[in-house]
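Commentary on secondary and tertiary structure
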Amino acid sequence: MSSNTVRRIAALAAVSALPAALLVAGVGAGVANAAPCEQSSHTTKNDASTVWVTHTYDKSVTVAEAAAGTNVTYKIVVGTTGIGNPYVNTFRDYAPAGFGAPVSTKITAYHFGQGQVTEEVQAVPNGDGAWRVSGTGWFVNAGNTVTAEFTYRVPDRAAPGVTITSGGIDVSGTVGVGAYRPNLTACFTVRGQNPGEAALGSLDDNGLGSAEGQMSSTGSVSDVLGDTITRVLQNGS
């Protein structure tokens with residue numbers, strides 16, 4: 001028997017050995033009976049320092065569920081509802097305990113003549129558990145918010161079914177816009193790895209992950225396995 005035939009048989013045998021559920025299960029199933037948690041939170045500031053103009057502060061996590069080893073992004077949004085035009089020059093994000101350094105950080109802010117522009121920025125440790133991004137000042141007015149995005153990897157030891165709540169935020173800038181809000185948090189639930197992740201390992205390593213490090217919502221487990229088997233057979237031909 002040729003080595004190519006042996007490889008073909010081995011690939012097919014590996015698939016037949018998988019539980020039937022892995023071949024037909026849907027993608028992105030959540031953790032059953034997971035404790036509910038709030039994916040976003042909101043607060044405002046209106047006092048003498050803001051000249052009684054209301055500033056708004058929001059923090060959210062972009063997914064309700066995520067598996068260990070995938071990425072989650074926290075968004076901090078600062079806005080104003082009045083005539084004030086503050087500038088934010090620093091965002092500090094307090095990630096959940098046990099998370100490492102951000103894998104990426106971005107700022108989206110209004111630029112004169114260009115509109116809203118997103119740019120990569122460098123985060124540095126703040127010394128109190130937060131990660132900090134700073135600039136010369138990002139403009140805010142009633143029609144344009146400024147958004148900071150901090151993306152982290154969920155620790156490999158995160159257990160399915162556990163809810164993970166972030167810390168708060170700290171914002172600095174021109175007079176009035178600065179605000180430390182330790183209770184402005186965001187929460188997600190750790191899910192088990194989906195069948196594709198369990199069968200094939202990290203989807204990022206295989207170039208199959210989505211922007212959040214998870215399986216494409218339009219794909220299926222059978223499609224992924226089928227593509228993998230095809231590649232094995234093609235490489236062996």
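Here goes a summary of the coordinates provided. The numbering scheme is per chain: residues are counted from 1 as the chain's sequence reads. Note on the predicted model: pLDDT of at least 70 is required for a residue's local features to be given, and 80 or more for side-chain atom pairs to be given and counted; whole-chain, interface and lining totals, by contrast, use all residues. Where side-chain values are given, they derive from all heavy atoms of the structure, hydrogens and water being excluded.

1. What about the overall build of the protein chain?
Spelled out, the test is: Here a strand is any run of E in DSSP of at least two residues, a helix any run of H or I of at least four, and the numbering for each starts at the N terminus. Per-residue accessibility, obtained with a 1.4 Å probe over protein chains only, is compared with the maximum for each type, and a residue is labelled buried under 20%, exposed over 50%, and partly exposed between these values. Whether two residues are in contact is decided by their heavy atoms: any pair within 4.5 Å suffices. To measure how exposed things are, a 1.4 Å probe is used in the Shrake-Rupley method; for residues, cover is taken only from the protein chains shown.
A count of helical and extended segments in the protein chain gives four helices and 14 strands. Counting across all 237 residues of the protein chain, residues that qualify as buried make up 38%. Restricting to contacts in the protein chain with at least 6 residues of sequence separation, those with at least 24 account for 70%. When the accessible surface of the protein chain is split by element, carbon and sulfur atoms take 53% of a total near 11,800 Å².

2. Section: the state of the cysteines
Rules: Only a pair of cysteine sulfur atoms within 2.5 Å qualifies as a disulfide here.
If you walk through the whole model with that rule in mind, you get one disulfide. Each disulfide pairs two cysteine sulfurs, and for cysteine 37 the partner residue is cysteine 187, the sulfurs being separated by 2.3 Å. Taking the torsion about the S-S bond as the criterion, the cysteine 37 to cysteine 187 disulfide, at about -90°, is left-handed. In this pair, cysteine 37 is assigned in the loop between helix H2 (20-24) and strand S1 (40-45) and cysteine 187 in strand S14 (residues 187-191), connecting sequence segments 150 residues apart.

3. Thoughts on the environment of glycine 178
Turning to its location among the elements, glycine 178 is positioned in the loop between strand S12 (169-173) and strand S13 (179-181). Given the relative accessible area of 27%, glycine 178 is considered partly exposed. Sequence separation between glycine 178 and asparagine 89 is 89 residues, and the spatial gap between their C-alpha atoms is 9.4 Å. Not counting residues up to four positions away in its chain, the partners in contact with glycine 178 are Lys45, Tyr57, Val171 and Ser172.

4. Some thoughts on the sheet that holds strand S3 (residues 65-67)
Threshold: Two strands qualify as a pair provided that DSSP identifies no fewer than 2 bridges between them. Comment: axis = line fitted to C-alpha atoms, over the contacting stretch for helices; angle = value between 0 and 180 degrees taken between N-to-C directions.
With respect to topology, three strands assemble into an open sheet ordered S3-S14-S11, the strand pairing being mixed. Taken across any chain shown, the strands that pair with only one partner, and hence form the sheet edges, are S3 and strand S11 (163-165). The mean angle between the axes of side-by-side strands here comes to 40°, regardless of whether they run parallel or antiparallel. The pairing of S11 with S14 spans three bridges and is classified as antiparallel.

5. Concerning the packing of aromatic side chains
Applicable threshold: Each pair of aromatic rings taken from Phe, Tyr and Trp, with Trp reduced to its six-membered ring, is defined by centres within 6.5 Å and is described as stacked if the planes are under 30 degrees apart, edge-to-face if over 60, and tilted in the remaining cases.
Within the structure shown, the criterion is met by eight aromatic pairs. Aromatic side chains tyrosine 110 and phenylalanine 139 sit 5.9 Å apart centroid to centroid with 50° between the ring planes, which places their arrangement in the tilted category. Linking tyrosine 110 in strand S6 (residues 104-111) with phenylalanine 139 in strand S9 (residues 131-139), this pair joins segments that are 29 residues apart in sequence. Judged by its relative accessible area of 24%, tyrosine 110 falls in the partly exposed class. For phenylalanine 139, a relative accessible area of 8% corresponds to the buried category. When the ring of phenylalanine 112 is compared with that of phenylalanine 139, the centres are 5.3 Å apart and the planes differ by 45°; the resulting orientation is tilted.

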